[in-house]
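Survey of secondary and tertiary structure
Residue-level listing of the chains:
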Amino acid sequence: MTAGDGVRDTLARLRADVADLHRMLTRYELVTWTAGNISARVPGRDLMVIKPSGVSYDDLTEERMVVTDLHGRLVDGDQAPSSDTDAHAYVYRHMPEVGGVVHTHSTYATAWAARGEPIPCVLTMMADEFGGEIPIGPFALIGDESIGRGIVEALHGSRSPAVLMQNHGPFTTGKTARDAVKAAVMLEDVARTVHIARQLGEPIEIPSGQVTSLFHRYQNSYGQRTDR
Ligand SMILES: [Zn+2]
């Protein structure tokens, strides 16, 4: 264990958590084949636990999760890390408050991304969970820092923990990996509902002052609910 014995217990717990959380992606039908990935920051260390690349969801055990540093270099594990590792690492390096990152190509969210269109804040649950519209990030190719930079820039100045990378799909963040998974699930739900609402007319946007009060009320008054 090159990461140091002091973090052995934390890494074991995070490997189990991250492996388990991947089951949520299939349960909520946010992923197909091996696309999609979850990572968790190792608290207090410049490390993260992430899904290995190209492994079937049925075979994602805690032992197969990999540990990398925050530049995507393998620290522990038998397999190559997810091909999106550089994007996750960039987010952790530039957003210290983020403890978990999720990426999927969930259908409705990705349909908005294909149009390069932010999802307008037309539902109280969007105001509660996302604090406004879901922003669009730039078109960016995998292979360098441009996806990570695009995510961070799009989320900067937004209350939303979710961003739709244009022509690609959603990335979501959270204080923990579980929070980021919840955001990915909620995002797909609102993307679907607003898409359906559009079929028969123009959804009504919630005034920004009301969005702000809904967001603060939900985040502060209901922030300690047991399901969060
Ligand atoms: Zn992708």
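Bear in mind that the values here come from a model prediction, so they are computed numbers and not experimental data.

1. Remarks on the overall build of the chain
When helices and strands are counted, the chain shows 7 helices and 8 strands. Against the compact-globule benchmark of 17 Å for 228 residues, the chain has a radius of gyration of 17 Å, which places it among compact chains. Overall, the chain is about 55 × 35 × 30 Å in size when its C-alpha atoms are taken along their principal axes. In the chain, which comprises 228 residues, the share counted as buried stands at 48%. Restricting to contacts in the chain with at least 6 residues of sequence separation, those with at least 24 account for 63%. Surface accessibility of the chain: about 11,100 Å² in total, with carbon and sulfur atoms responsible for 50%. Counting 22 positive and 29 negative side-chain charges, the chain places the averaged centre of each group 4 Å from the other.

2. Looking at the environment of Asp76
Within the fold, Asp76 resides in strand 4 (residues 74-76). It is 37 Å that separates the C-alpha atoms of Asp76 and Trp112, two residues lying 36 residues apart in sequence. At 2.6 Å, the side chain of Asp76 forms a polar contact with the side chain of Arg15.

3. What to know about the nonpolar core
In terms of nonpolar packing, the biggest core is built from 25 residues, with Leu25, Ile38, Val49 and Val102 touching the most fellow members. Elements with a contribution of two residues or more to this core: helix 1 (8-27), strand 1 (37-42), strand 2 (47-50) and helix 6 (177-198). A total of 6 residues in this core trace back to one element, the largest contributor, which is helix 1. Setting aside its immediate chain neighbours within four residues, Leu25 contacts Leu30, Val31, Asn37, Ile38, Tyr57, Val102 and Thr104. Ranked by size, the runner-up nonpolar core spans 21 residues in total, among them Tyr92, Ala140, Ile151 and Leu155.

4. Concerning the pairing of strand 7 (residues 162-165)
Of the two faces of strand 7, both are covered, the one formed by Ala162 and Leu164 as well as the one formed by Val163 and Met165. Both strand 6 (residues 136-137) and strand 7 contribute to a ladder of 2 bridges, which runs parallel. Residue pairing across strands places Gly137 opposite Met165, the latter belonging to strand 7. In the classification by handedness, the crossover that spans strand 6, the intervening helix 5 (residues 146-155) and the parallel strand 7 is right-handed. Between strand 7 and strand 8 (residues 169-174), which pair antiparallel and follow one another directly, the connecting turn spans 3 residues, one of which, Asn167, has a positive phi of 65 degrees.

5. Things to note about helix 5
Buried residues dominate helix 5, accounting for 8 of its 10 residues. Of all the residues in helix 5, the buried ones are Ser146, Ile147, Gly148, Gly150, Ile151, Val152, Ala154 and Leu155. Its buried side turned inward, helix 5 meets helix 2 (85-94), strand 6, strand 7 and strand 8. Just downstream of helix 5, Gly157 is the residue with a positive phi angle, here 80 degrees.

6. Quick notes on helix 2
Among the 10 residues in helix 2, 7 count as buried, and that is most of the element. Of the residues making up helix 2, those classed as buried are Thr85, Ala87, His88, Ala89, Tyr90, Val91 and Tyr92. Each element contacted by the buried residues of helix 2 is listed here: strand 1, strand 2, strand 3 (66-69), strand 5 (100-103), helix 5 and strand 8.

7. Quick word on the packing of aromatic side chains
All told, the structure shown has 0 aromatic pairs when counted by the stated rule. Over the ring of Trp112 we find Arg115; its NZ or CZ atom is 4.5 Å from the centre of that ring.

8. Topic: unusual backbone geometry
Glycine aside, negative phi is the norm for most residues, and most peptide bonds take the trans geometry. Unlike most non-glycine residues, Trp33 shows phi in positive territory, near 55 degrees. Along the chain, Trp33 turns up in the loop between helix 1 and strand 1. Residues other than glycine seldom take positive phi values, yet Asn167 does so here, at roughly 65 degrees. Its location among the elements puts Asn167 in the loop between strand 7 and strand 8. For Asn167, a relative accessible area of 46% puts it in the partly exposed group.

Rules and cut-offs
Residues numbered from 1 in each chain as written. Predicted model: local features only at pLDDT ≥ 70, side-chain atom pairs only at ≥ 80, totals over all residues. Heavy atoms only, no water. Helix = DSSP H or I, 4+ residues; strand = E, 2+ residues; numbered from the N terminus. Rg over C-alpha atoms; globule rule 2.2 N^0.38 Å. Buried < 20%, exposed > 50% of the residue type's maximum accessible area, 1.4 Å probe, protein only. Contact = heavy atoms within 4.5 Å. Areas by Shrake-Rupley, 256 points an atom, 1.4 Å probe, with all protein chains shown as cover. Lys, Arg positive; Asp, Glu negative; His and termini not counted. Charge placed at Lys NZ, Arg CZ, Asp CG, Glu CD. Polar contact = N/O pair within 3.5 Å; in protein donor to acceptor, adjacent residues only side chain to side chain. Core = buried A, V, L, I, M, F, W, Y, C linked by side-chain atoms within 4.5 Å. Pairing = 2+ DSSP bridges. Right-handed = clockwise from strand over helix to strand, strands pointing away. Phe/Tyr/Trp six-rings, centres within 6.5 Å; stacked < 30°, edge-to-face > 60°. Lys NZ or Arg CZ within 6 Å of the ring centre and 35° of its normal.

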